[in-house]
Amino acid sequence: MDNNVKMQAKNVDFFYGKNQALNNVSLDIYANKVTAMIGPSGCGKSTFIRLFNRMNELVPHTILHGKIFLDDLEINSPLVDAVDIRRRVGMVFQKPNPFPKSIFENISYGLKVNGIKDKAFIEQKVEDSLKKAVIWDEVKCRLNDSALKLSGGQQQRLCIARCLAVETEVILFDEPCASLDPISTAKIEELILELKKDYSIVIVTHNMQQAARVSDYTGFFLLGELVEFGKTQDIFTSPKEKRTEDYITGRYG
Amino acid sequence: MKKEFSQNIGFFGLFFCMVITLLALGSIIYFIAARGFGVLNWDFLTKVPYSAMTKGGIAPVITGTFYITLGAIIFALPLGLACAIYLCEYSPKSIVVNIIRISINNLAGVPSVVFGLFGLAVFVKFLGFGVSILSGSLTLGILALPIIISSAQEALLAVPHSIREASLSLGATKWGTIKNVVLPSALPGILTGVILSIGRVAGETAPILFTAAAFYTRGYPKSVFSEVMVLPYHIYALMTEGAHPDEQRAIAYGCSLVLLLLVLFISGVAIFLRQRKRGLYG
């Protein structure tokens, strides 16, 4: 595998029962880059990124063909534990979903379930993660307050900090700004650009301007098919496929 | 104008129904309190009965009720909770599991005297526990099981899918997720089930009639294999047996008042715990 490729999907077909959601998708996720997935609703882009941390196997009656790699590890091989994959490949969801616990406990949770007990280490890690997610200054005085008291944008950054604490390597963003106001959205986008220095990032988005602003690579999905994949600049300025051009110029979607 | 008038009539009707309900509840409490209050004093709560139960207090009866209720919850809560967790989180969605669910709900509708006979046959006779706190607790525990299971199931199902996903996506195992995220979130709902079942169990007479209750025992119960006096059965016994009906009736009302206050107190504690938990988690 190319040194710069962090994750790789090879000839992936995916089914919900008898409905085929993905059709022969192959794609590389480059290290320390932001890869955006765009496409109309129901095109399979969310389903696709949920394969990278094996979240789809929680849905009953699904079938996956093809292979997915994290570095050189085939993540669906029977020898690999989904729990390890999910720690290494973190996920930020469409709606902020903090635990109904304190801000501190939200961040320390991932460390605790991964068997870390050292208190000083946990405290340091919580602080570092919150700083990296640029929310430390807003919450440092009230770490013991319920996370549910934070605003939507703050909650989403808390959820990002939660991923960072478990030393994730890849972060999957599933429409992270869908429920946020423009200012919170700008903060998340800024954060994504900052995070790509240390992490490989995949983002699903409905918002094409967002894809253009934050991503280095873009994949366009339509009806379970990866129509086109390439450098974001190329996709948005000179798409090779007619269907891509139609979508980004707003003819459908 | 006309619409507003008919609307007001409607509201008045609803208000009237509410008042009737309150009145019924209020008059029960008033009559029990008015008749029972006369015998209520410190000695009544702390002394053992004597002189064919016309004198002294009902302390052993109160402790008996406490033991038997506690025993039932100790038995039913872990079993019911485990059962609810299995049904909600682990069991495959199949016809068999659905039948189990329906059976549990039907169990809640079985008349309590049937539980009493079951307890007599199984715990008292077959397992040889005799008429005892243990037999009575187990019988009442079975009675409480469906209440605890169905309220725990509801509470577990109400925990949003999104926070389960959050936990799993951080590398928590399924059990870790249930233990650390799902159960704490479901706790208020589970507590509600416990409250409901305490109220039900403490006041039940039929299931303990053959399995635990005695008309009179000397002093306090010695072990889980002792027969006990318990409030609901004590009230029944005072009203139907014995040679001093007038004195006994007064004491029966006193017992009713104590039982009422006891159940209200337990519910109050549980409601307080639940509210505090809610406040904490917004």
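Residues numbered from 1 in each chain as written. Chains lettered and ligands numbered in written order. Predicted model: local features only at pLDDT ≥ 70, side-chain atom pairs only at ≥ 80, totals over all residues.

1. Considering the overall build of chain A
Defined as follows: Helical segments are the DSSP runs of H or I of at least four residues, strand segments are the runs of E of at least two, and each set is numbered from the N terminus. Here the radius of gyration uses the C-alpha set of atoms, whereas the globule reference equals 2.2 Å times the residue count to the power 0.38. Here the C-beta atoms are placed from the backbone, and a residue counts as buried if at least 20 other C-beta atoms lie within 10 Å of its own, exposed if 12 or fewer do, and partly exposed otherwise. The contact criterion used here is simple: two residues whose C-beta atoms, placed from the backbone, lie within 7 Å are in contact.
For chain A, the count of helices and strands is 10 helices and 10 strands. For a compact globule of 253 residues, the expected C-alpha radius of gyration is about 18 Å, and chain A comes in at 18 Å, within 12% of that figure. Taking the principal axes of its C-alpha atoms as reference, chain A extends roughly 55 × 45 × 35 Å. Evaluated residue by residue, chain A yields a buried proportion of 47% over its 253 residues. Put simply, 68% of the contacts in chain A that link residues at least 6 apart link residues at least 24 apart.

2. Structural notes on the overall build of chain B
Broken down by element type, chain B carries 11 helices and two strands. Put simply, chain B runs from its N terminus to its C terminus through helices and strands in the order α-α-β-β-α-α-α-α-α-α-α-α-α. In terms of its C-alpha atoms, chain B occupies a principal-axis envelope of roughly 70 × 70 × 35 Å. The 282 residues of chain B split such that 39% are buried. If you take every contact in chain B between residues at least 6 apart in sequence, the share linking residues at least 24 apart comes to 76%.

3. Observations concerning the packing of helix α7 (residues 161-169) of chain B against helix α8 (residues 174-203) of chain B
All names here are of chain B. Put simply, the rule reads: All axes here are fitted lines through C-alpha atoms, helices being fitted over the stretch that makes contact, and every angle between N-to-C directions spans 0 to 180 degrees. In these notes the angle categories are as follows: under 35 degrees is roughly parallel, over 145 is roughly antiparallel, 65 to 115 is roughly perpendicular, and the rest is oblique. We call a crossing left-handed when the near helix sits turned anticlockwise from the far one by less than a right angle, and right-handed when that turn is clockwise. When residues are grouped by polarity, Ala, Val, Leu, Ile, Met, Phe, Trp, Tyr, Cys and Pro land in nonpolar, Asp, Glu, Lys and Arg in charged, and all others, Gly among them, in polar.
It is the contact of α7 with α8, at a shortest axis distance of 10 Å, that shows an interaxial angle of 140°. Looking at the two axes, α7 sits oblique to α8. Crossing geometry of α7 relative to α8 is assigned as right-handed. Across from I163, R164, S167 and L168 in α7, the residues of α8 making contact are T177, N180, V181 and V182. For the contact of α7 with α8, the residue count by class is four nonpolar, three polar and one charged.

4. A closer look at the interface of chain A and chain B
Between chain A and chain B, the residue contacts involve 23 residues of the former and 17 residues of the latter. Within the residue set of the side of chain A that touches chain B, elements represented by two or more residues are α2 (82-88), β6 (89-92) and α3 (103-113) of chain A. Broken down by element, the side of chain A that touches chain B gets its largest block of residues, four residues, from α2 of chain A. Across the side of chain A that touches chain B, the residue classes break down as 11 nonpolar, six polar and six charged.

5. Here we look at the nonpolar core
Put simply, the rule is: Structurally, a nonpolar core is described as a collection of buried Ala, Val, Leu, Ile, Met, Phe, Trp, Tyr and Cys residues joined by way of C-beta atoms within 7 Å.
Ranked by internal contacts, the top residues of the largest apolar core, which has 141 residues, are V202 of chain A together with A144 and V230 of chain B. With 14 residues, the top contributor of residues to this core is helix α6 (residues 133-157) of chain B.

6. Some thoughts on unusual backbone geometry
All names here are of chain A. Within the chain, V134 stands out as a residue other than glycine whose phi angle is a positive 50°. Here V134 shows up in the loop between α4 (119-132) and α5 (136-139). The backbone of L223 sits at a positive phi, close to 50°, despite the residue not being glycine. Counting through the fold element by element, L223 comes out in the loop between β9 (217-222) and β10 (225-231).

7. Topic: the pairing of β6 of chain A
Residue and element names in this part refer to chain A. To keep things clear, this is the line we draw: Between any two strands, pairing holds if DSSP finds at least two bridges.
By the alternation rule, side chains of β6 split into V89 and M91 and G90 and V92, which are all buried. Here four bridges tie β6 to strand β7 (residues 170-174), and the two strands are oriented parallel to one another. Its bridge partner lying in β7, G90 is registered against I171.

8. Observations regarding the sheet that holds strand β4 (residues 62-70) of chain A
Residues and elements named next belong to chain A. The four strands lie next to each other as β2-β1-β4-β5, forming an open sheet whose pairing is antiparallel. Where the open sheet ends on each side, the last strands, each with one partner, are β2 (19-30) and β5 (73-74). Here β4 runs beside β5; their pairing, made up of two bridges, is antiparallel. Directly across from L70, in β5, lies its bridge partner L73.

9. Here's the deal with the confidence of the model for chain B
Residue and element names in this part refer to chain B. To keep it simple, the criterion reads: Each residue carries a pLDDT score, the predictor's own confidence in it, on a scale running from 0 to 100.
Within chain B, residue pLDDT values average 86, and 96% of them lie at 70 or more. No element of chain B has a lower mean pLDDT than strand β2 (residues 55-56), which averages 71, and none a higher one than α7, which averages 93. Here the prediction assigns the complex a pTM of 0.81, and the interface score ipTM is 0.90.

10. Notes on the packing of α4 of chain A against helix α6 (residues 152-165) of chain A
Residues and elements named next belong to chain A. Contact pair α4 / α6: the axes reach a minimum separation of 8 Å and the direction vectors enclose 130°. With respect to each other, α4 and α6 are oriented oblique. In this structure, the crossing between α4 and α6 has a hand that is right-handed. Counting all contacts with α4, which are made through K125, V126, S129, L130 and K132, the residues of α6 involved are A161, L164 and A165. For the contact of α4 with α6, the residue count by class is five nonpolar, one polar and two charged.

11. Points about helix α1 (residues 2-36) of chain B
Note the cut-off: One less than the residue count of a helix, multiplied by 1.5 Å, gives the span that helix is expected to have.
The end-to-end C-alpha distance of α1 of chain B, which contains 35 residues, comes to 51 Å, matching closely the 51 Å that a straight helix rising 1.5 Å per residue would cover. Within α1 of chain B, only one of the 35 residues are buried, which leaves it mostly out in the open.

12. Re the pairing of strand β8 (residues 200-204) of chain A
Residue and element names in this part refer to chain A. Convention followed: When the strands point away from the viewer, a crossover counts as right-handed if the route from the first strand across the helix to the second turns clockwise.
Burial analysis of β8 places five of its five residues in the buried class, the great majority of the element. Burial of β8 is two-sided: the residues S200, V202 and V204 facing one way and the residues I201 and I203 facing the other way are all buried. The pairing of strand β3 (residues 34-38) with β8 spans four bridges and is classified as parallel. Counterpart to V34 in the pairing with β8 is I201. Two strands pair when backbone bridges link them, and β7 and β8 are joined in this way by five bridges, in the parallel orientation. Its bridge partner being in β8, D174 is matched across the sheet by V204. At this point the chain moves from β7, through helix α7 (residues 182-195), to the parallel β8, and the crossover so formed is right-handed.

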